Amino acid sequence: MTPLQGCLLVSALFFAIGLAGAVTRRNAILALVGIELMLNAANLNFIAFWRYGPNPEALSGVMVVIFSIAIAAAEAAVGLALIIAIYRHYRTVNLDQIDSMKG
Amino acid sequence: MSLPFIIIAVVTLFAAAAAMSLRNLVHCALSLIVALAGLAALYLALDAQFVGFTQILVYVGAVAILIVFAVLLTRSDATPNQTILAPGWFTGIMISAIVFATLGWAALNSTGLPKEMPSAPEATVKNIGDLLMTQYVLPLEVIGLLLTAALIGAVIIAMKEEPPHVGSYEAEKGGAP
């Protein structure tokens, strides 16, 4: 196993853990945390491919990750604001009980 | 695969699994901080110093604090006495296992992946700043606009709604209170 494959495996496991948390936890905050973990797994992939790629002098992977971190920060701020607004309305963050739009 | 990389990766993955599986949400937030800091250490091990320190500043410094605030504001810091998993949890875990198997299979069986680590590139803050001001200046402006819009939107969404005042219509018209 080459070092790049090790990085990719770690990143894939990180992504799977985030996905499992995002779809199985009842609490809305932890679903958001799972999404953050998945974004971070993608960032690790960018850095790994940049470092082991043929032309690391171009710094393109680093740039993408910097922008991705900025977008993830914006997403976390808006997501947590939505969760707080939902809590104020329903008095719960349990995703099973927020079902008034369920068909 | 060097030994430090394996140790950091194992610690990071355990912390991520703990962040997704513990009952108490405050413990989950603390495990998340360990996982994000471990990821920053992985970036440093991959010679991406600026990204590693940005990860610590943004995630460990800001996003983790934001999540702790949300946990405390929604009063979900007490350990729940009911089950923490949604009804379809088994399907969800199976789907993530399938996703991991697919990604891992693709990573292990790809033939075109580079085998050796090239010599360490010069990723200094000066180079990154030069690129941000020349080649990536348009994305930088767009990100600035996006962050401003997102922060204003977050404040407006989370703002407390005032209950409608009785008689505010008359007060606006200058009539009786």
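Everything numeric here is computed off the predicted structure, so don't read it as measured data. (Residues numbered from 1 in each chain as written. Chains lettered and ligands numbered in written order. Predicted model: local features only at pLDDT ≥ 70, side-chain atom pairs only at ≥ 80, totals over all residues.)

Engineer: Break down the overall build of chain A for me, citing the residues and quoting the values.
Structural biologist: For chain A, the helix and strand inventory stands at 3 helices and 0 strands. Helices and strands appear in chain A in the N-to-C order α-α-α. In terms of C-alpha radius of gyration, chain A reaches 17 Å, well past the compact-globule figure of 13 Å for 103 residues. Buried residues in chain A amount to 56% of all 103 residues. Contacts in chain A between residues at least 24 apart in sequence constitute 51% of all its contacts with a sequence separation of at least 6. (Helix = DSSP H or I, 4+ residues; strand = E, 2+ residues; numbered from the N terminus. Rg over C-alpha atoms; globule rule 2.2 N^0.38 Å. Buried ≥ 20, exposed ≤ 12 C-beta atoms within 10 Å, placed from the backbone. Contact = placed C-beta atoms within 7 Å.)

Engineer: How would you sum up the nonpolar core? Please name residues and give values.
Structural biologist: Ile29, Ile47 and Val62 of chain A together with Ile67 of chain B are the most contacted members of the largest nonpolar core, which totals 73 residues. Mapped onto this core, the elements with two or more residues apiece are helix H1 (3–24), helix H2 (28–52) and helix H3 (60–90) of chain A together with helix H1 (3–21), helix H2 (25–45) and helix H3 (49–73) of chain B. Broken down by element, this core gets its largest block of residues, 14 residues, from H3 of chain A. (Core = buried A, V, L, I, M, F, W, Y, C linked by C-beta atoms within 7 Å.)

Engineer: Which residues make up the interface of chain A and chain B, and what values go with them?
Structural biologist: The interface of chain A with chain B comprises 63 residues on the first partner and 68 residues on the second. For the side of chain A that touches chain B, the elements supplying multiple residues, two or more each, are H1, H2 and H3 of chain A. It is H3 of chain A that contributes the most residues to the side of chain A that touches chain B, 20 residues altogether. For the side of chain A that touches chain B, the residue count by class is 48 nonpolar, 9 polar and 6 charged. (Nonpolar A, V, L, I, M, F, W, Y, C, P; charged D, E, K, R; others polar.)

Engineer: Can you break down the domain arrangement of chain B residue by residue, with the values?
Structural biologist: According to the domain assignment, chain B contains domain 1 (1–78) and domain 2 (124–161). Its C-alpha centre places domain 1 of chain B at a distance of 23 Å from the equivalent point of domain 2 of chain B. (Domains from an automatic or database assignment.)

Engineer: Kindly report on H1 of chain A, identifying the contributing residues and their values.
Structural biologist: It helps to recall that an α-helix has 3.6 residues per turn; residues three or four apart then point in one direction. For H1 of chain A, which comprises 22 residues, the first-to-last C-alpha distance of 32 Å matches the rise-based estimate of 32 Å (1.5 Å per residue) to within 8%. In terms of burial, H1 of chain A is largely enclosed, as 17 of its 22 residues are buried. (Expected span 1.5 Å × (residues − 1).)

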